[in-house]
Amino acid sequence: MKRKLLIALLPLFVVLMNSCLKKGLPEYENWDLNNIDNVYVEYRYEGGKMMNGQPVVEYKRLDVEKKINTSNNSIELTIQVPAASGSFTEEIRKKVNQNYLWVYTDISTAAKISPIGDTPKLGDPADLNKELHYQVTAANGGKKDWVIKVVTFKN
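First things first, this report covers the structure right here in the doc.

So, how was this worked out
- Residues numbered from 1 in each chain as written.
- Predicted model: local features only at pLDDT ≥ 70, side-chain atom pairs only at ≥ 80, totals over all residues.
- Heavy atoms only, no water.
- Helix = DSSP H or I, 4+ residues; strand = E, 2+ residues; numbered from the N terminus.
- Contact = heavy atoms within 4.5 Å.
- Buried < 20%, exposed > 50% of the residue type's maximum accessible area, 1.4 Å probe, protein only.
- Pairing = 2+ DSSP bridges.
- Axes fitted to C-alpha atoms, helices over the stretch in contact; angles between N-to-C directions.
- Phe/Tyr/Trp six-rings, centres within 6.5 Å; stacked < 30°, edge-to-face > 60°.

Bringing the side chain of Asn34 into the picture now. With respect to the element layout, Asn34 can be found in the loop between α1 (2-22) and β1 (36-51). The contact partners of Asn34, leaving out residues within four places of it in the chain, are Ser108, Val136, Thr137, Ala138, Gly142, Lys143, Lys144 and Trp146.

Pasting the structure below:
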């Protein structure tokens with residue numbers, strides 16, 4: 001009997017608690033920014049450790065200088081491979097090249113980013129010998145196409 005009463009009152013409790021959560025919340029503007037604010041590049045490699053019979057993948061963030069041009073939505077990168085240290089040995093460092101790197105970005109608050117054409121999605125390896133093309137969509141639906149290109153690569 002108690003169980004049936006509890007089940008009957010559960011929907012009422014959910015409705016009451018839900019309405020309390022919405023009371024007094026401020027209204028936020030629909031964000032209109034669709035920029036790429038920062039770019040990071042990393043190299044991934046097998047660091048020599050094993051876990052469950054599989055090699056552990058490690059990464060080394062590369063040094064990136066960027067020139068962000070918001071008037072034409074382009075970003076020019078100068079990439080420098082850092083010195084060897086720890087598991088990032090000189091032998092591994094020499095293998096770093098422009099055609100197999102991972103790119104990450106910071107974008108405007110509440111925006112979404114999508115690759116254009118044959119540009120890989122963020123989080124997949126990219127060939128930085130080619131320009132990368134992304135579309136950033138603001139929360140209000142405004143879209144901006146961006147181009148990221150490497151102008152200098154130093155290993």
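Now that the structure has been shown, the text picks up again.
Turning to its location among the elements, Asp118 is positioned in the loop between β6 (112-115) and β7 (125-126). Taking the relative accessible area as the measure of exposure, Asp118 reaches 71% and is therefore exposed. A sequence separation of 14 residues divides Asp118 from Leu132, and the C-alpha atoms of the two residues are 8.6 Å apart.

On to the sheet that holds β6, then. What links the strands of a sheet is backbone hydrogen bonding, and the strands pair in either a parallel or an antiparallel sense. Spatially, the 5 strands line up as an open sheet ordered β3-β4-β9-β8-β6, and their pairing is mixed. On the outer flanks of this sheet lie β3 (63-69) and β6, each paired with one strand and no other. Between one strand and the next, the sheet's axes are offset by a mean angle of 25 degrees, whatever the strand orientation.

Reading across from one edge, β2-β1-β5-β7 is the order of the 4 strands in this open sheet, with antiparallel pairing throughout. Whereas interior strands pair on both sides, the edge strands pair on one side only; in this sheet they are β2 (54-61) and β7. Both strand β5 (residues 101-107) and β7 contribute to a ladder of 2 bridges, which runs antiparallel. Following the sheet pairing, Trp102 is matched in β7 by Pro125.

This part is about the packing of aromatic side chains. In this structure the tally under the stated criterion is 3 aromatic pairs. With 6.2 Å between their ring centres and 15 degrees between their planes, Tyr43 and Tyr45 make a pair best called stacked. Judged by its relative accessible area of 11%, Tyr43 is buried. Aromatic pair Tyr100 and Trp102: ring centres 5.1 Å apart, planes at 80 degrees, arrangement edge-to-face. When its relative accessible area of 46% is taken as the criterion, Tyr100 is described as partly exposed.

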